[in-house]
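A closer look at the structure
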Amino acid sequence: MHKLVKHSLALGLMMSLPTMVMAQNFDDPIEFAKQKEQLTMTANGPANKPWEQYIGDRLASTQRFAKKGGSTVCFSNAGVNNPWRVVGYTDMIEEVALHSDIKAFIHVDAEGSDDKQIADINDLLAGGNCDILIVSPNTTAALTPAVEKACQQLPVIVFDRGVQTNCPVTFIHPVGGYGFGIQGAEFVAANVEKGSNVLMLRILPGVDVLETRYSSGLRVLKEAGLNIIGTEFTGADNAKTKSIVEDYLQRGTIDAVWMDAGATAVAAIEAFEDGGYDIPVFVGEDQQDFLQKWKKMDITAIAPTYPTYQWRTAIIAASRILQGESVPGPEWVLPQASITKANLDEFINEAMPPLHYAMCGCEDMPNYPQAWGGK
Amino acid sequence: MKQKPVIEMQNIGKGFPGVVALNAVSIECYSGEIHALVGENGAGKSTLIKILSGVIQPDSGRITLDGEAVSFKHPLESLNAGISVIYQEFSLLPDRSVAQNIFLGRELTHRGILQNAQMNAQTRKILDMFVGGKKIDPETPLSSLDVASQQMVEIAKAISLNSKVLVMDEPTAALNEAECQELFESVEMLRDRGTAIIYITHRMREVTRLADKVTVLKDGEIAARFNSMPAPEDIVRAMVGRDITQFYAPFASPEEISQQVLCVKGGANASIHNINFSLHAGEILGIAGIQGAGRNALAMAIFGHIPFTQGEVTLLGNKVHLTNPRQAIAAGIGLLPGDRKSEGLTLKQSIRDNAMLSSRALAGIFSSHKANKYIDLAGIDLLLDKMEVKAPSYDYEIQNLSGGNQQKAIVARALSLNPKVLIFIEPTRGIDVNTKASIYQLMRDLARKGTGIIMISSDLPEVVGVSDRVLVMHEGTIAAEFSSGAQEADIMLAATGEMGAVA
Amino acid sequence: MNSLVTFARRYTSINWANINPVYFVLAALIVAIILNNPNFIEPTGYMNFLKRAAPLAILAAGQLYVIVSGGFDLSVGSMITLVVVGSSMLTNNDPAATMWVIPVMFGMGALVGLINGMVVCYLRVPSLITTLGMMITLNGFAFLWSGGAPRGYLPDTFRFFGRVSYKDIPLIHMLPVALIVLVVVGLILYWLMHKTNLGRMIHAIGDNPNTAKLAGVSVNQARISAFIVSSLSAVVAGILLGGFAGVSTSVGVGYELQAITAAVLGGAVLLGGRGSVPATIAGALTLMAIFTLLNFLGMPQPVRQIVQGLILIAAVALTMRRKGKHANS
Amino acid sequence: MNTISLDKPLIKRRPFSFEKWAPALLLLTAIILYVVACIVTGQTQYLTLDNLLAVVGRSIALGITAIGQTFAILVASIDLSVASLISASAVLSSVVMNGNPDMVVPAIVLALILGAVVGLLNGLVITQLKVNPLIATLGMSLIIQGVLSAFVSNFAGSVPEEFQFFAYGSVFGLPFGTVFFFGLAFLAFFILRYTRFGSQIYAVGGNPDAARFAGISTTKMIVSAHIICSICAVIAGLYLASRLRSGAPWIGSDGLYDLESIAVVVIGGTILAGGRGGIWGTVAGMLIFSLVDSFFNIIEIDAFVKQVLRGVIIVAAVAFYSVKSRRAVA
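Bear in mind that the values here come from a model prediction, so they are computed numbers and not experimental data.

This paragraph deals with the sheet that holds strand β11 (residues 213-218) of chain B. Residue and element names in this part refer to chain B. Read from one edge of the open sheet, six strands run β6-β9-β10-β3-β11-β12, paired in mixed fashion. Of all strands in the sheet, those bounded by a partner on one side alone are β6 (83-86) and β12 (221-226). Direction aside, neighbouring strands of the sheet carry axes that sit 20° apart on average. Inspection of the sheet shows β6 paired to strand β9 (residues 165-169) by four bridges, in the parallel sense. Counterpart to serine 84 in the pairing with β9 is leucine 166. Contacts from helix α1 (residues 45-53) reach β3 (33-39), β6, β9, β10 (196-200) and β11 within the one sheet, and its direction differs from that of β3 by about 135°.

If you check the domain split of chain B, you get domain 1 (7-246) and domain 2 (256-495). Once you take the C-alpha centre of each, domain 1 of chain B and domain 2 of chain B turn out to be 32 Å apart.

With that out of the way, let us pick up the packing of helix α4 (residues 76-91) of chain C against helix α11 (residues 219-245) of chain C. All names here are of chain C. Contact pair α4 / α11: the axes reach a minimum separation of 8 Å and the direction vectors enclose 50°. Classed by the angle they form, the pair α4 and α11 counts as oblique. Once α4 is placed against α11, the crossing between them reads as right-handed. Residues Val76, Met79, Ile80, Val83 and Val84 of α4 touch α11, and the partners they reach there are Ser230, Ser231, Ala234, Val235, Ala237, Gly238, Ile239, Leu241 and Gly242. Looking at side-chain class alone, the contact of α4 with α11 contains ten nonpolar, four polar and no charged residues.

A few words now on the sheet that holds strand β19 (residues 421-425) of chain B. All names here are of chain B. Here six strands make up an open sheet; going across it, the order is β18-β19-β20-β15-β21-β22 and the pairing mixed. Edge strands, defined here as strands with exactly one partner in the open sheet, are β18 (333-336) and β22 (477-483). With direction set aside, neighbouring strand axes in the sheet form an average angle of 20°. In this sheet, β22 lies alongside strand β21 (residues 469-474) in antiparallel orientation, the contact comprising six bridges. Note that in β22 the partner of valine 472 across the bridge is alanine 480. Each of β15 (284-289), β18, β19, β20 (452-456) and β21 touches helix α10 (residues 295-302); the most contacted strand, β19, lies at about 150° to it. Lying on the sheet, helix α15 (residues 403-415) is in contact with β18 and β19; it crosses β18 at an angle near 170°.

Attention now moves to the packing of aromatic side chains. Residue and element names in this part refer to chain A. Scanning the model with the defined rule gives 32 aromatic pairs over all chains in all. Summarising the aromatic geometry, the rings of phenylalanine 75 and phenylalanine 105 are spaced 6.3 Å apart at their centres and angled 25° between planes, so their arrangement reads as stacked. Remark: phenylalanine 105 occurs in strand β3 (residues 102-109) and phenylalanine 75 occurs in strand β2 (residues 71-77); sequence separation between them is 30 residues. You'll find phenylalanine 75 and phenylalanine 105 in the same group, each marked buried. Judged by centre distance (5.9 Å) and plane angle (85°), the ring pair of phenylalanine 75 and tryptophan 311 falls under edge-to-face. Highlighted residues: phenylalanine 75 in strand β2 and tryptophan 311 in helix α11 (residues 310-322), separated in sequence by 236 residues. Taken as a pair, phenylalanine 75 and tryptophan 311 share a single burial class, namely buried. Through successive ring pairs, a cluster of aromatic residues spans Phe75, Trp84, Tyr89, Phe105, Phe159, Tyr306 and Trp311. Arginine 202 extends its terminal NZ or CZ atom over the ring of tyrosine 214, reaching a point 4.0 Å from the ring centre. Just above the ring of phenylalanine 32 sits the side chain of arginine 219; from NZ or CZ to the centre is 4.8 Å.

A few words on the state of the cysteines. Residues and elements named next belong to chain A. Here the structure, examined in full by the defined rule, presents three disulfides over all chains. Through a disulfide, cysteine 74 is tied to cysteine 130; the S-S separation comes to 2.0 Å. Across the disulfide from cysteine 74 to cysteine 130, rotation about the S-S bond amounts to roughly -95°, and the bridge is consequently left-handed. Of the two residues, cysteine 74 is situated in strand β2 and cysteine 130 in the loop between α4 (114-127) and β4 (132-136); the sequence distance between them amounts to 56 residues. Overall, cysteine 74 belongs to the buried group, its relative accessible area being 0%.

What follows covers the interface of chain C and chain D. Each side of the interface is counted separately: chain C has 44 residues, and chain D has 43 residues. Both sides of the chain C and chain D interface together cover about 3500 Å² of buried area, and 80% of this is carbon and sulfur. A per-residue breakdown of the area chain C buries against chain D is headed by Arg124, Ile129 and Ile313 of chain C, which together make up 19% of the total. Counting every contact that joins chain C to chain D gives zero salt bridges. For the side of chain C that touches chain D, the secondary structure elements donating two or more residues are α5 (98-122), α6 (127-146), α12 (255-265) and α14 (301-328) of chain C. When residues of the side of chain C that touches chain D are assigned to their parent elements, the largest contribution, 14 residues, is made by α6 of chain C. A class-by-class count of the residues in the side of chain C that touches chain D yields 28 nonpolar, 14 polar and two charged.

What counts, and at which threshold
- Numbers given for residues are sequential positions, taken from 1 along each chain in its written order.
- Both sets of labels track the order of writing: A upward for chains, 1 upward for ligands.
- At least 70 in pLDDT is required for a residue's local features to be given in this predicted model, at least 80 for side-chain atom pairs to be given and counted, and no such filter applies to totals for whole chains, interfaces and linings, which use all residues.
- Water and hydrogen atoms play no part in the side-chain values, which are based on all heavy atoms of the structure.
- Whether two strands pair comes down to DSSP finding at least two bridges between them.
- Secondary structure elements follow DSSP: runs of H or I no shorter than four residues count as helices, runs of E no shorter than two count as strands, and numbering proceeds from the N terminus.
- Every axis corresponds to a line fitted to the C-alpha atoms, with the helix fit spanning only the stretch in contact, and the corresponding angles, defined between N-to-C directions, vary from 0 to 180 degrees.
- The contact definition used throughout considers only heavy atoms, calling two residues in contact when any of these lie within 4.5 Å.
- These domain boundaries are the output of an automatic or database domain assignment.
- Note on terminology: angles under 35 degrees are roughly parallel, angles over 145 are roughly antiparallel, angles of 65 to 115 are roughly perpendicular, and the others are oblique.
- With the far helix as reference, a near helix turned anticlockwise by less than a right angle produces a left-handed crossing, and one turned clockwise produces a right-handed crossing.
- Throughout, the ten residues Ala, Val, Leu, Ile, Met, Phe, Trp, Tyr, Cys and Pro are labelled nonpolar, Asp, Glu, Lys and Arg are labelled charged, and all others, Gly among them, are labelled polar.
- Two aromatic rings, drawn from Phe, Tyr or Trp (for Trp, its six-membered ring), form a pair once their centres lie within 6.5 Å of each other, and the interplanar angle then sorts them: stacked below 30 degrees, edge-to-face above 60, tilted otherwise.
- Residue exposure (1.4 Å probe, protein chains only): buried if accessible area is under 20% of the type maximum, exposed if over 50%, otherwise partly exposed.
- We call a charge positioned over a ring when the NZ of a Lys or the CZ of an Arg lies within 6 Å of the ring centre and within 35 degrees of the ring normal.
- Any two cysteine sulfur atoms lying within 2.5 Å of each other are counted as a disulfide.
- Accessible-area loss on putting two parts together, using a 1.4 Å probe and summing over both, is the definition of buried area adopted here.
- For this document, the term salt bridge refers to a Lys or Arg side-chain nitrogen within 4 Å of an Asp or Glu carboxyl oxygen.

Following this line, the structure appears as structure tokens:
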């Protein structure tokens, strides 16, 4: 029951009234420009290990957190309620196994509820076992007080979504949503003629990392003089995605499909396939099913990524901090590469599950591919 | 001392579609007086009381309370005017305490806060007025009390309301002897406090014990008025006097009664004990008794709904142990429940669906609803035709039918399985006179064809008029047996436990 | 349709007031859709509509069994998720596996329905709570089984039912397999509900369980059967939805309430005793038609939600009014 | 004239009322489970007072909602609109406050008015249009959620520091939220136990006909119960706005407050048919939920297993009462 409400809610159009003050601005030209630049910057660190790389050169000193002997790393997780988080969490578990200095890893799962995550963090602090706390916040604003409270007791690492405080030792994230939006939209603009019809498919409104993808994507597409025939929310629902595309096909032609996330990309492609249409230019993501479909049908496509390897980085940072080594901070910006026709084959692995995120940086890990559900 | 009656109903008339329920009925009651209202089922007692309490409105006539004309549109208005009615189905809340029930809707408060202590104390005081009230704790939930105590709570409620008029509808129906005595004392106590009491009962003994005046209702009219206590026989004659011969079918001749179809030996469960009787093909066996005597429990035990826990049952020569109605039906027993609405009908379904319910239930679940090994749609239509069920179509929802036609559909349901034993519980309750006669005829016809019939009825004339043999139950067991032609008065005496078993 | 036939038999002339209003509403909506989007008249238009509505229509027809028996089944949405995720785990993209995976799914559905029914009948837990618990449990189980993300693909043999349309058919041009499934399952559910004893027993226990028991109906058997039918219909809906759009862990969410809404639109009486399979299917089509129309009108999602809320209340309020009139006449 | 309803055997209740003590027994089981888990895993630090308070504090919003839901269920109704209303209340208050301490009171007043209106509408649709409460409140939920998402799609507005006292402040060394919750529970208990209004709530749920005969307006009571239920949901929304510093349109539905509040009430021994139950059972139900959650965290159970178990626990807890009852179920 909650899901109906949640998902229909998720699909609700954003019609923020001018009088209403949004907690965050999702169309920030400064941030847009910054991320656009970061996409082209060369990252520091080992090139074959992007999860250890960082853009920029600010480091945070961590000597005061140095600890002798085995440590206990605690992790408050917003949830493992989507495939991206499942792959990331697996990355994390496997990374923990590589660190002999981490003697215990305590994981609490908030199942997608802010309220619960606040309680979870309180529980972890009260338990007193943690040497360091990793937080992957469910939402930015809501978790800020809890993170602030935690900062007073122990070193904190935040990754994926941020918080509105600078107290964590570092905030790990890839370039970001603007970058993601730019990568896809620029590809579309380069591959269709001016005035072509573009359908924009979004998962749901309100999530910051998705809102920024959309705002930057829209900006780039409009600047390229393309015709946006519609923007629809799919709720990450395959059936709904396919229906939406079928409806648009009934009414006119589609020259390109831009998506803010690729989980339902294959369903969108199938709408063209089943209706007997040519597959247009596609922006997907690094899910295996999309990559394989792309190759099989030889689509003109690109897969921007929001790399799951950042989950590894969080553990690496925790380990370094507890050993007193400095880490990039207060922000650790990871590189965010796209998958293109040129490097597509490197990422395809048919042994992996459909919604495995190819940019997992996990291929060299000991339990690959079984731990990720591969064969 | 008694110049004006507290309550006076004059020339009350009330008709329902096709029936005159009340015709120019007058009754009055003075302060400090118990006025007994007696009559058979369907005589119009309950209609009269419903009019008095404002549940329904009369077509004609007037009601005066303390000399002023009143007209109640809602039970609440009569309650506020000082008239309390204690119905057989209590209007109490099982999960609330005694005190909470007594003060329901007019709780004592002080600055908005419930005065629980005060209410409990007042309840205590009221309950202490009765011999039987002393053992009741005002704070216990009602559901933990026995029926007699619940009855007491109803009376206490009336007292706490300071009602000028109290109407009691067969208050002893579910009480045992000792409890009855306590109740009588309570009622007398109330009378002595100046309450005008209208007391409805079947039982002559209660009338003679309590009443100052007696009104006998019959077929919606006053059959007799006694301003002083008459001989019980006079009351009974006024109640019963009617031409019975045309109404009931003739009894079975000895040849028509053949082999035994059902025999219960030493049957018992939580509500009944020491049940021994047999039923023969071709006979109608009436079971009489007052409420709570175990008649219904006996029917439900035979039918397997609340099974016997002891004793043995022989059906058609075979020992059986029936633990649910389904088995009983399959074994050849049919039942007409006493409460049509809550036990007999599926109101939103069609007449056919209701009539075919049992035959379908016993047939395979995937087989067609149109026909099964017992009967098919044509067959059920024929059966319904034969019983003269009046409806625009048998696809009609049964809730739109009259009680008599509904009852016929339920009879058809039982008959469709050709039962060897048929149990009728209150077969004519709430049914008009003409339909009654046809149901009696139907029962006799069935018996002639070799069915053994048990009829449980609270309607004594019916028991006497229909049964070839009468068993009388009292306090959970069979107290007496009569052959056809028994006197109602004798049966009544046996039912109230005032007569030893008579062969 | 059934009511039409019976009424025709009952009265020589059709009594318009007695035809379930859902059919008029559906017809009006379809006219409105066509006016807004003439393409709808093309086979691809209405056939795609029917293809998409098929899972909900089947699910609602199954849900109707539980509603008529006097309960609710909130677990069907999670059941769909479990079927899709479970099938992808078991088939693992092996086309031959479909042959045995589908029966396994039906077995699982029957088991879930059996458990729902037995908990309600024997532990006497209200169906609302029982199926709520089952909804949470099945959802957890689907995630547990897959580890949170789909682990395999559904082979084309499995997806055949929900995805494929037969093309180049005279007159109608195309015929989705899902529509064939809808017709077949719809007929089976119609037959079972309106032409067999089981259907009558389910009506009887929803109408008055006391009467039913005293009339010899095995109440528990009928009630458990209703839950099993509902779960099995969820399996069919799951197969169609998985076939239509492929694996995901969010497939099926919210379907339980849409199914109940569809049944209510079709005039089913909550808490039991009355309901029609054809009218429920019409109710499901009506719900989908409303969504489609709002889409064509460019109404944003919030409006859709508000409209859904309003029609839900209005449908029940109208049913109550009609019932009230009946009782008075 | 006669009825056979009294002819059935009477089940006399024992002095020890199982149903009365069942919530306490369930709570005790949950406590034992929690304590044993702490001891077995050697994490006895979870048994300190602070920690136990934290356990209680886990589900304050759920508890507040459930208190309101108790009123709705006691009158034999139910309210599925609480989750959307929680979101609406959180968003409304946070937007109105918008970080300005002067707007705290107007925001609270506005939110409470919203609650009263929603409750009134729910009650009127149920009593006047005779719509099944489940459908009426589900429809209302969709409408609220639709209106809400027409205006906002993310966290909107913010609450000032002062208002965060609700969730983060403390009085007498105890968290204010917890104190407030028990205060509210006590108030609700008081209303149900010691006022005429409370008495009549039970009467309407237990036997509407008897209530009507006693001159109680069932319409008024059902509407009132729904207003109380909605106002509690609004308070829960205010609490969440305070705790999350802002309101978002998904916090109510994400927190599953509609179905979980019903589950809490039912586990607390209030029966869905109405007329029986009480607030302390609901408080016990809420504590059971908190303890089970904490228990899962302590034994570090997998999130998906947790979900499976939660479903089973809800059904098992309700079965604990219902298996003995002879009431008809469906």
